[in-house]
Amino acid sequence: MTSSMNTGWPSMNLTPQNAFLYQPETLGNEFSVLSDFLESLDEGSFFSQAAVAPSLMSTSPYANPMNMAVDNHSYLPDTTQTQPSNEPAPPAPEKPSEEPPPVVLPAATKTERFFLTAADQASGTRNERLNMVIRSKYEAGLLKPYNYVKGYARLSRWMDKNVSQESKQKILQPLSVLRPKFRSIAQSESLTDIDLVFIEEAFERLLLDYDRVFSAMAIPACLWRRTGEIYKANREFAELVGVDGYMLRDGRLCIYELMAEDSAVNYWEKYGHVAFDSNQKAVLTSCVLRYKPVLPTSGAATPANALGKGGETKPEERFISCCFSFTIRRDPYGIPTLIVGNFIKC
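If you're wondering where the values come from, they're calculated on a predicted model, not measured in any experiment.

> Report on the pattern of salt bridges, specifying residues and quantitative values.
As enumerated under the stated definition, the model contains nine salt bridges in all. The partner of E200 in a salt bridge is R225, with the nearest N and O atoms 2.6 Å apart. One end of the pair, E200, is in helix α10 (residues 193-216); the other, R225, is in the loop between β3 (221-224) and β4 (230-233), and 25 residues separate them in sequence. The partner of D209 in a salt bridge is R212, with the nearest N and O atoms 3.1 Å apart. Taken together, the positions of D209 and R212, both in helix α10 and three residues apart, correspond to about one turn of that helix. Using a relative accessible area of 57% as the deciding quantity, one classes R212 as exposed.

Written out as structure tokens, the structure reads:
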């Protein structure tokens, strides 16, 4: 039987590749069959490693011939079954991150809303956009109507210290008629603070318009509020009364403070007659102006050029006779807001 098996092995053309096609149950456990099989192999280096022989006796490598591989003429068992994997385990699926809660911003303040309105104006005409900006500025508390009460209080203090009692009564007579008319118009028209703010805005526009007018005319001129505070004057008027130009802006001086007593009385009387007469805008009269006036008791700052060394008053104040005309500009409700005066030295 041994010789027959020896003659049978070469005819089967057994090679390391097709030797693996035998199933473990056909080989049996007989040592002689295994020896003849191994001797038929030409390469002796197949058994050069002693660790391979025990593995040939086990049935697990031959259970699945496709799990074996040949590398450098040696058998390597399937690493997926015999060796633990060195690759790291796949990471566990991450839990979806929770979205942060939405940030609740505090409501914009009135001041912030004003800045947003001014920076990003809505569509519309120029006047509509300007009205929206003014309204938002008023709601933010940054814009208030002009307080004429302070102007009348200033006039009252000036009369107490600079005019006679008779002249004071003459001035108070037209004022006692004008002020109730102002209140009646405000009540009949239901004027609110925002309406007065828009009137003040119209006053500021007139100031800008008269900038160009005063720069183009050579006649001494200035403009003031209905309570007398001067807000603009040209260079010719400043030279006429001998006062620095900065003193004739923003209500630092009043027109009646630059007039002689009789001229101040005459102005208030004529103003009271035409203040609410829409058919009459301009009045032509005469006046006497004070040159380099000294006003230490009027509440206004004394002009610097009226003081000498040590604070002593220079005896330079004198009077200048002028032809005088004034024009009244009224708001949409018929209330005088601005008076423009022109003066020509006689």
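> Describe the sheet that holds strand β7 (residues 336-345), listing the residues and the values that go with them.
Across the sheet, which stays open at both edges, the five strands sit in the order β4-β3-β7-β6-β5 with antiparallel pairing between neighbours. The sheet is open, and its two borders are formed by β4 and β5 (282-291), each paired with just one other strand. Averaged over all pairs of adjacent strands, the angle between strand axes in this sheet comes to 30 degrees, irrespective of strand direction. In this structure, strand β6 (residues 318-330) lies alongside β7, joined through nine bridges in antiparallel fashion. The partner of C322 across the bridge, within β7, is K345. Contacts between helix α12 (residues 261-274) and the sheet are confined to β3, β5, β6 and β7, with β6 contributing the most and set at about 15 degrees to the helix.

> Before we move on, could you go through the packing of helix α8 (residues 148-162) against helix α9 (residues 165-188) and cite the residues and values that matter?
Helix-helix packing is characterised by the crossing angle of the two axes and by the distance between the axes. At their nearest, the axes of α8 and α9 sit 12 Å apart, and the two run at 170 degrees to each other. When the axes of α8 and α9 are compared, the pair comes out roughly antiparallel. Residues Y152, L155, W158, M159 and D160 of α8 form the contact with α9, whose participating residues are K168, I171, L172, L175, R179 and F182. Class assignment of the residues belonging to the contact of α8 with α9 gives a composition of eight nonpolar, no polar and three charged.

> Just give me the short version of the side chain of E200, but keep the residues and values in it.
Judged by its relative accessible area of 14%, E200 is buried. With sequence-adjacent residues up to four places away left out, E200 is seen in contact with Y146 and R225.

> Mind laying out the packing of α9 against α12, listing which residues take part and the relevant values?
Following both chains from N to C, one finds α9 and α12 inclined at 25 degrees, their axes separated by 9 Å at the closest point. Judged on the interaxial angle alone, α12 and α9 are roughly parallel. In the crossing of α9 with α12, the sense of the turn from one axis to the other is left-handed. Of α12, the residues touching α9 (which contributes S167, K170, I171, P174, L175, L178 and F182) are E261, V265, W268, E269, Y271 and G272. By residue class, the composition of the contact of α9 with α12 is eight nonpolar, two polar and three charged.

> Pulling in residues and values, what's your account of α12?
Along its 14 residues, α12 runs 21 Å from first to last C-alpha, staying within 8% of the 20 Å computed at 1.5 Å per residue. All buried positions along α12 are accounted for by S263, A264, V265, N266, Y267, W268, Y271 and V274.

> So, α10: which residues are in play, and what are the values?
Between its first and last C-alpha atoms α10 spans 36 Å; for 24 residues at 1.5 Å apiece the expected length is 34 Å, and the two agree. At Y210, α10 shows its strongest bend, of approximately 25 degrees. Inspection of α10 places I194, V197, F198, I199, E200, E201, F203, L206, L207, Y210 and F214 among the buried residues, and these make up the whole buried set.

About the criteria used
- Residues numbered from 1 in each chain as written.
- Predicted model: local features only at pLDDT ≥ 70, side-chain atom pairs only at ≥ 80, totals over all residues.
- Heavy atoms only, no water.
- Salt bridge = Lys/Arg side-chain N within 4 Å of Asp/Glu carboxyl O.
- Helix = DSSP H or I, 4+ residues; strand = E, 2+ residues; numbered from the N terminus.
- Buried < 20%, exposed > 50% of the residue type's maximum accessible area, 1.4 Å probe, protein only.
- Pairing = 2+ DSSP bridges.
- Axes fitted to C-alpha atoms, helices over the stretch in contact; angles between N-to-C directions.
- Contact = heavy atoms within 4.5 Å.
- Parallel < 35°, antiparallel > 145°, perpendicular 65-115°, else oblique.
- Nonpolar A, V, L, I, M, F, W, Y, C, P; charged D, E, K, R; others polar.
- Left-handed = near helix turned anticlockwise from the far one by under 90°.
- Expected span 1.5 Å × (residues − 1).
- Bend = angle between axes of the 7 residues up to and from the residue.

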